[in-house]
Amino acid sequence: MNDRLNFDIAALKAGDRSEFARLVEETSPKIYRLLLKMLGDEADAEDALQDAYLKALRSLPNFEERSSLSTWLYRIAVNEALMQIRKRKPQVALGEDNGDDSEDVPAPVELADFCCLPESELMSGEGKQQLNRAVQTLSPPLRAVFLLRDVEDLSVRETADALGVSEQVVKTRLLRARLKLRDELSAYWSERVAAQKVEGE
Amino acid sequence: MDEHTHEHGHCRDLLGSLSDYVDGTLGELLCAELEEHLRGCSNCRVVVDTLRKTVELYHMEAEKEALPPTVRERLFSKLDLEDYLKSG
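A. Representation of unusual backbone geometry within the structure. Although it is not a glycine, A:Asp153 sits at a positive phi angle of roughly 65°. Backbone geometry at B:Asp80 places phi at a positive 55°, although glycine is not the residue there. With respect to the helices and strands, the residue B:Asp80 is situated in the segment after α5 (69–78).

Structure follows, in structure tokens:
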């Protein structure tokens, strides 16, 4: 999502319903996808989606255009998701790695080369379930960075703007998130990789 | 596979560069150093390949996600925008 969509910001700020409807139409699929992956639950994602756009509607007159409209919407959506997560039980809210921003990144553990598995298997229903399950193992701060940068394709700068952190923090969290996901997926596929090696021998 | 593990110095040093490397934004010198290391370290090659694959799989999966029509309708209704609901 980017501002190639060319919304009429003056009209949005003045409360133009038709322009706001166009904004919702164009941006809600990506905002919903982000929320679904942040929260891992369809009902929670829908609640957060509605709350995010209600908040955007109320806040539009004060939109200062310091960031792009899409980055601003992502920021509202991430904040809604984080609020939902905080409302849950603490044991659900806390990941293993709660936003540790030190540069000391844990070393990779799993070395199964799952690149050799066929794409049809990696992207099967079960494969996709694993992708979603692995994202839920990330702490919310790491999850937010990973989703904005690698799923929604925001730049490092835009991700930093959306989350209100520095670009260095985005880079550090992104590396930790990617390595953790890589480890999770490698662990999951390791038996299949071993079996394929045996088949090949 | 060689005996070399990721607790050993050089692999650990290079770990911090991997994100930039898979994004193609690593500086020329570090990139050359990393590629030199990868030629001799099969474990690191697996880590780089699977890291790149991980990012690629999430990209591919995201492209297939859509907003369910009922979720879209309820959103428009919540925002009093029913009049603008075009057929999805």
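This is not the end of the story, as more comes after the structure.
B. Focus on the side chain of A:Glu46. Relative to the helices and strands, A:Glu46 is located in helix α3 (residues 42–59). Residue class for A:Glu46 comes out buried when judged on its relative accessible area of 12%. Side chain to side chain, A:Glu46 and B:Arg74 meet in a polar contact 2.6 Å long. Contacts of A:Glu46, omitting those with residues within four sequence positions, involve A:Tyr32, B:Val71 and B:Arg74.

C. A look at the interface of chain B and chain A. Each partner contributes residues to the interface: chain B has 42 residues there, and chain A has 49 residues. Summed over both partners, the interface of chain B with chain A comes to about 4,300 Å²; 67% of that surface belongs to carbon and sulfur atoms. The largest per-residue losses of area from chain B upon contact with chain A belong to B:Tyr58, B:Glu61 and B:Leu79, which jointly make up 16% of the total buried on that side. Along the contact surface separating chain B from chain A lie six salt bridges. Linking B:Lys53 and A:Glu119 is a salt bridge whose minimum nitrogen-to-oxygen distance equals 3.0 Å. Viewed at the interface, chain A and chain B are joined by 12 residue pairs in polar contact (both at pLDDT 80 or more). For the side of chain B that touches chain A, the secondary-structure elements that each account for two or more residues are α1 (9–15), α2 (18–23), α4 (42–63) and α5 of chain B. Among the elements that line the side of chain B that touches chain A, the one with the most residues is α4(B), at 17 residues. Across the side of chain B that touches chain A, the residue classes tally to 20 nonpolar, seven polar and 15 charged.

D. Broad picture of the side chain of A:Asp183. Summarising the element assignment, A:Asp183 is placed in helix α10 (residues 167–200). Polar contacts involving the side chain of A:Asp183 include one to the side chain of A:Arg182, which spans 2.8 Å.

E. Spotlight on the packing of aromatic side chains. Counted according to the given criterion, the structure contains three aromatic pairs over all chains. Relative to A:Trp189, the ring of A:Tyr188 lies with its centre 4.9 Å away and its plane at 80°, an arrangement referred to as edge-to-face. A residue is classified by how much of its surface remains accessible, and A:Trp189, at 4% relative accessible area, is buried. Between B:Arg72 and the ring centre of B:Phe76, over which it is positioned, the NZ or CZ distance is 5.4 Å.

Cut-offs used in this document
- Residues numbered from 1 in each chain as written.
- Chains lettered and ligands numbered in written order.
- Predicted model: local features only at pLDDT ≥ 70, side-chain atom pairs only at ≥ 80, totals over all residues.
- Heavy atoms only, no water.
- Helix = DSSP H or I, 4+ residues; strand = E, 2+ residues; numbered from the N terminus.
- Buried < 20%, exposed > 50% of the residue type's maximum accessible area, 1.4 Å probe, protein only.
- Polar contact = N/O pair within 3.5 Å; in protein donor to acceptor, adjacent residues only side chain to side chain.
- Contact = heavy atoms within 4.5 Å.
- Buried area = accessible area lost by both parts, 1.4 Å probe.
- Salt bridge = Lys/Arg side-chain N within 4 Å of Asp/Glu carboxyl O.
- Nonpolar A, V, L, I, M, F, W, Y, C, P; charged D, E, K, R; others polar.
- Phe/Tyr/Trp six-rings, centres within 6.5 Å; stacked < 30°, edge-to-face > 60°.
- Lys NZ or Arg CZ within 6 Å of the ring centre and 35° of its normal.

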